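Breakdown of the fold
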Amino acid sequence: MYSAEQPDLRNRTPRALDVALRVGIPFLVSVACGWVAIRLMGQARFALVPMAIAMLLTALLSPAVSWMRRRLHVPAYLAGALALVGTMGVLIAVIGHAGSALLADGGSITAMAQDVLHSTAAWLRDGPLHVQDGQLTQAVDKAQAWLATNSSNIASTVMTFGGSLSELSAMALLGLVSAFFFLGDGKRIWRSLLWLVPPRSRNRQFEASRRSWHALELYARTAVVVAVIDAVCIGLGALLLDVPFPVPLAMLVFVSAFIPFVGAIASGTVAVVLALFTGGLTTALLMAVVVLAVQQLEGNVLQPLLMGRAVSLHPYAVIVGVSLSGYLFGLVGALLAVPAMAGVMAWLRYLNDTDPFPRLEAEPDPAEGAGSGAHPAHP
């Protein structure tokens, strides 16, 4: 025991070391826990990814299910099944039309691409650059040698993708089953999970989950509206410019619109390259103007007016979140980054006494009464 004259050992510790211990140890523990969580999520992606996509699908289809239950008095599971079957029917019809168009005109596109390559080679040889025939031949030989060298790798990649089709099919089936149960009985599922929360904070966590789910619903509906507008505009532009495959191109734009920043650039590049191969430089420039106009419409009008209300996130936070999630979990991570961030931020804001949706405070508990179909993924 120390006497009154003897200083405590804690007072002998240098202040810098004391601060480093107080800050560094919790930081290292947090990093270790985050690393373990990421590893576990990566190992459990077979179950987590379908469930996450099912939640987005549930958020998108919940208004239709609520309408069928309220207006037509359809049972919950039947309403969910009808919504899922209708959505899958529309997707299958559009994909079938796009696939038939690709199969019908694929050969002509290859011939057009070869003509463009030949005309490009002629321009390089006879134009202002005066590239010699030997250099062009050498470049073609290198390309052919690269294809011959990497043909085995390409074949193995195709075989790997074919081998993963069974896994993708199983994940798709799990996602549909999860969405079916979320739409039909999501409140009871979420209510059972809330029993893990201590009773004194259960009501507050429930209210926070309502805000999080509402943010997810707003994001899903708004993202679909923005994606449809982008797809229709670029598809019409391709149709007017006589660029082939307007429907597959519109589908690509629709899917890529869910990936902020990167998706628009990728789909726009594909549209311009397709226009170049099929219509030449003038058509490609006009297609680029259409793509840039649509992107400006999305960035300056649609995103601030529509998405800004649903996702109150700084653009830099979106860029970091999408990049990090894409790096850790691939394309699926990039797709799910923004909705996950929107839901988590709405949850945390309510817990920090900043209600992002104050009007929900006056609404009755959606688990009671006739309005029980309004929020299928929480109690």
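Digging into the overall build of the protein chain
Looking only at helices and strands, the protein chain features 11 helices and zero strands. Each helix and strand of the protein chain, placed in order from N terminus to C terminus, yields the pattern α-α-α-α-α-α-α-α-α-α-α. Looking at the protein chain as a whole, 32% of its 379 residues qualify as buried. Of the roughly 23,100 Å² of accessible surface on the protein chain, a fraction of 71% belongs to carbon and sulfur atoms.

Focus: the nonpolar core
Within the largest apolar cluster, 17 residues are counted, with the highest numbers of intra-cluster contacts made by Tyr219 and Val322. Of all hydrophobic cores here, the second largest spans 15 residues; its members include Ala231, Phe245, Ala271 and Val294.

Thoughts on the confidence of the model for the protein chain
Mean pLDDT over the protein chain works out to 76, with 71% of the residues at or above the 70 mark. Counted against residues more than four places away or in other chains, residues 157-163, with its pLDDT under 50, gives one contact. Contacts for the low-pLDDT stretch residues 366-379, under 50 throughout, to residues beyond four places or in other chains number 48 contacts.

Here we look at the packing of aromatic side chains
For any pair of aromatic rings, geometry is given as the distance between the ring centres together with the angle between the planes. Tallied over the entire structure, the rule returns five aromatic pairs. On the basis of an interplanar angle of 80° and a centroid distance of 6.0 Å, the ring pair of Tyr77 and Phe181 is categorised as edge-to-face. Of this pair, Tyr77 sits in helix H4 (residues 76-126) while Phe181 sits in helix H5 (residues 133-194); the two residues are 104 residues apart in sequence, bridging distant segments of the chain. Tyr77 sits in the partly exposed class, given a relative accessible area of 32%. Taking 5.4 Å as the distance between ring centres and 75° as the angle between the ring planes, the aromatic pair formed by Phe180 and Phe181 counts as edge-to-face. For Phe180, a relative accessible area of 26% gives the class partly exposed. Classification of Phe181 as partly exposed rests on a relative accessible area of 38%. Members of the aromatic cluster, joined through ring pairs, are Tyr77, Phe180 and Phe181.

Considerations on a nonpolar patch on the surface
A grouping of Ile38, Met41, Leu48, Leu324, Tyr327, Leu328 and Phe329 is seen on the molecular surface, where their side chains present a nonpolar patch of about 660 Å² in accessible area. Every element with two or more residues in the nonpolar patch is listed here: helix H2 (15-43) and helix H10 (315-351). Top element by residues in the nonpolar patch is H10. It accounts for four residues. Tracing the sequence through the fold places Met41 in helix H2.

So, the packing of helix H3 (residues 45-71) against H10
One way to put it is that H3 packs onto H10 with a least axis distance of 11 Å and a crossing angle of 45°. When the axis of H3 is compared with that of H10, the two are oblique. As H3 runs across H10, the sense of the crossing is left-handed. Residue-level inspection shows Val49, Ala52, Ile53 and Leu56 of H3 in contact with H10, the latter providing Val332, Leu336 and Pro339. Along the lines of polarity and charge, the residues of the contact of H3 with H10 split into seven nonpolar, no polar and no charged.

Considerations on the environment of Ala293
Of note, Ala293 is situated in helix H9 (residues 281-310). The exposure class of Ala293 is partly exposed, given its relative accessible area of 47%. Between the C-alpha atom of Ala293 and that of Cys233, which follows or precedes it by 60 residues, the distance is 9.4 Å.

So, unusual backbone geometry
The phi dihedral of Asp242 falls on the positive side, at around 60°, and the residue is not glycine. In the Ramachandran plot, Phe245 falls in the positive-phi region, its phi being about 60° despite a non-glycine side chain. Tracing the backbone through its elements, the reader meets Phe245 in the loop between helix H6 (199-240) and helix H7 (246-256).

Structural notes on the packing of H6 against H10
Packing of H6 against H10 brings their axes to within 8 Å, and their N-to-C directions diverge by 145°. As for how H6 packs across H10, the hand of that crossing is right-handed. Taking contact as the criterion, the partners of Arg204, Gln205, Glu207, Ala208, Ser209, Arg211, Ser212, Ala215, Leu216 and Tyr219 in H6 are, on H10, Leu335, Val338, Pro339, Ala342, Gly343, Val344, Ala346, Trp347, Tyr350 and Leu351. Its residues assigned to classes, the contact of H6 with H10 shows 13 nonpolar, four polar and three charged.

Looking at the environment of Leu240
Looking at where Leu240 falls in the secondary structure, it is placed in helix H6. On the basis of relative accessible area, Leu240 is assigned to the exposed category, the value being 75%.

Some thoughts on the pattern of salt bridges
Taken as a whole and judged by the stated rule, the model has six salt bridges. A salt bridge links Asp355 to Arg211; the shortest N-O distance between them is 2.8 Å. Within this pair, whereas Asp355 is found in the loop between H10 and helix H11 (359-362), its partner Arg211 is found in helix H6, the two being separated by 144 residues in sequence. Residue classification places Asp355 among the partly exposed positions, given a relative accessible area of 25%. Between Arg221 and Glu217 there is a salt bridge, with the nearest N and O atoms lying 3.6 Å from each other. Pair noted here: Arg221 and Glu217 are both in helix H6, with a separation of four residues, about one helical turn. Taking the relative accessible area as the measure of exposure, Arg221 reaches 30% and is therefore partly exposed.

What counts and what doesn't
- Numbers given for residues are sequential positions, taken from 1 along each chain in its written order.
- Selection of residues for local features in this predicted model requires a pLDDT of at least 70, selection of side-chain atom pairs for listing and counting requires 80 or more, and totals for whole chains, interfaces and linings are taken over all residues.
- Hydrogens are left out, water is left out, and the side-chain values use all remaining heavy atoms of the structure.
- Comment: elements are numbered from the N terminus, with helices defined as DSSP H or I runs of at least four residues and strands as E runs of at least two.
- Summary of the burial criterion: residues with accessible area below 20% of their type's maximum are buried, those above 50% are exposed, and those between are partly exposed, where the area comes from a 1.4 Å probe applied to protein chains only.
- Reported accessibility uses the Shrake-Rupley method at a 1.4 Å probe radius. Residues are deemed covered only where the shown protein chains occlude them.
- Throughout, nonpolar core names a set of buried Ala, Val, Leu, Ile, Met, Phe, Trp, Tyr and Cys residues whose side chains join them through atoms within 4.5 Å.
- Values of pLDDT, the confidence the predictor places in each residue, fall between 0 and 100.
- The contact rule is simple, with two residues in contact once any of their heavy atoms fall within 4.5 Å.
- A pair of Phe, Tyr and Trp rings is counted when the ring centres sit within 6.5 Å of each other, with Trp represented by its six-membered ring. The angle between the planes then sorts it: under 30 degrees is stacked, over 60 is edge-to-face, the rest tilted.
- For patches, a residue must show more than 30% relative accessible area and have no salt bridge; joins then use 9 Å for like charges and 5 Å for nonpolar side chains, namely Val, Leu, Ile, Met, Phe, Trp and Tyr.
- By definition here, a salt bridge exists when the distance from a side-chain nitrogen of Lys or Arg to a carboxyl oxygen of Asp or Glu is within 4 Å.
- Every axis in this analysis is a line fitted to C-alpha atoms, fitted for helices over the stretch in contact. Angles between the N-to-C directions lie between 0 and 180 degrees.
- Should an angle lie under 35 degrees it is considered roughly parallel, over 145 roughly antiparallel, and from 65 to 115 roughly perpendicular; all remaining angles are considered oblique.
- Two helices that cross are described as forming a left-handed crossing if the nearer one is turned anticlockwise from the farther one by less than a right angle, and a right-handed crossing if clockwise.
- Charged residues are taken to be Asp, Glu, Lys and Arg, nonpolar residues to be Ala, Val, Leu, Ile, Met, Phe, Trp, Tyr, Cys and Pro, and polar residues to be all remaining types, Gly included.

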